[in-house]
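Read off the chains here:
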Amino acid sequence: MKSVLLIGMGQFGQLLGEKLINMGDEVMIVDKDEDVINVLAPKYTGAIIANCMNADNIRSLDVPSYDVCVVTIADDFQSSLEITSVLKDLGAKYVVSKANTDVQRKFLFRVGADEVIYPNRDMAEKLAVKINSQKVYDYIELDSEFSIFEIAVPTKWIGKTIMDANPRAKYELNILTIKKGNKIMPTPTPNTIFEEGDKMVVFGNTEKIIAFTNTKK
């Protein structure tokens, strides 16, 4: 479970918020539109009507207490830029901001965004999964139950073989490939040894993989 501060409840913000709530996260939503907040408030952990262009309003949100802050201002890039900057200044742990163009993306990174995304329905799904999963680099949903994930190899597996880690029996993970830097091992064997910095592409039940990424060390 993650604590998420979600600023901007336009279409993308609402899609993302629904995904996060369905995953069991604590989500505080913020928007300057009173009507929007009044409609959405019952679904969320908390809801505030506020114009986040006012730094004092953001300061009152206790920004450092959230695992992730997401800025999804739909129609005002200047606001998105300034809010992103203020969040980082106030000690936000991780800020995800929405961009509509490559130029906007560059400026958001310059003011401190940790991640910049382009909004659509699929991105809302993927972002929700990434927020809830540590060290997930990418994933492909095959159906409502199973997915393929690219994830970091757990620290406790470093120096062990696939046979020693036994991911299939212990975690129901099927390792498809292992990435060692720029090299890909398309057919890892049971004797393949995990090394620092390795990534693995795994297949399995989506919920179980997310749980695995949140508990591994």
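Notes on the structure in this doc start here. Since this is a predicted model, take the numbers as computed values, not measurements. (Residues numbered from 1 in each chain as written. Predicted model: local features only at pLDDT ≥ 70, side-chain atom pairs only at ≥ 80, totals over all residues. Heavy atoms only, no water.)

This part takes up the pattern of salt bridges. Using the criterion set out here, one finds six salt bridges in the structure. With its nearest N and O atoms 2.9 Å apart, the salt bridge here joins K88 to D114. Linking K88 in helix 4 (residues 77-89) with D114 in the loop between helix 5 (102-110) and strand 6 (115-117), this pair joins segments that are 26 residues apart in sequence. According to the relative accessible area criterion, K88 is partly exposed, its value standing at 25%. The residue E150 makes a salt bridge to K179 at a minimum N-O spacing of 3.2 Å. Of the two residues, E150 sits in strand 8 (residues 146-152) while K179 sits in strand 9 (residues 174-180), which places them 29 residues apart along the sequence. (Salt bridge = Lys/Arg side-chain N within 4 Å of Asp/Glu carboxyl O. Helix = DSSP H or I, 4+ residues; strand = E, 2+ residues; numbered from the N terminus. Buried < 20%, exposed > 50% of the residue type's maximum accessible area, 1.4 Å probe, protein only.)

This part takes up the nonpolar core. Soluble globular proteins tend to pack their nonpolar side chains together in the buried interior. Counting residues in each nonpolar core, the largest one holds 21 residues, and the members touching the most others are L16, I29, V70 and L127. Those elements that provide at least two residues to this core are strand 1 (3-7), helix 1 (11-22), strand 2 (26-31), helix 2 (34-40), strand 4 (68-71) and helix 6 (121-132). No other element matches helix 6, which puts five residues into this core. If near-sequence neighbours (up to four positions away) are discounted, L16 is found in contact with L6, V70, A124, L127 and A128. The next biggest cluster of nonpolar side chains, apart from the first, holds 18 residues, and it includes V136, I151, V153 and I209. (Core = buried A, V, L, I, M, F, W, Y, C linked by side-chain atoms within 4.5 Å. Contact = heavy atoms within 4.5 Å.)

This next bit is on unusual backbone geometry. Excluding glycine, residues mostly carry a negative phi; peptide bonds, for their part, are mostly trans. At D62, a position not held by glycine, the phi torsion is positive, near 55°. D62 gets classed as partly exposed once you look at its relative accessible area, which sits at 45%. Positive phi, close to 60°, is recorded for E172, a residue that is not glycine. Its place among the elements puts E172 in the loop between helix 8 (167-171) and strand 9. The exposure class assigned to E172 is partly exposed, which follows from its relative accessible area of 45%.

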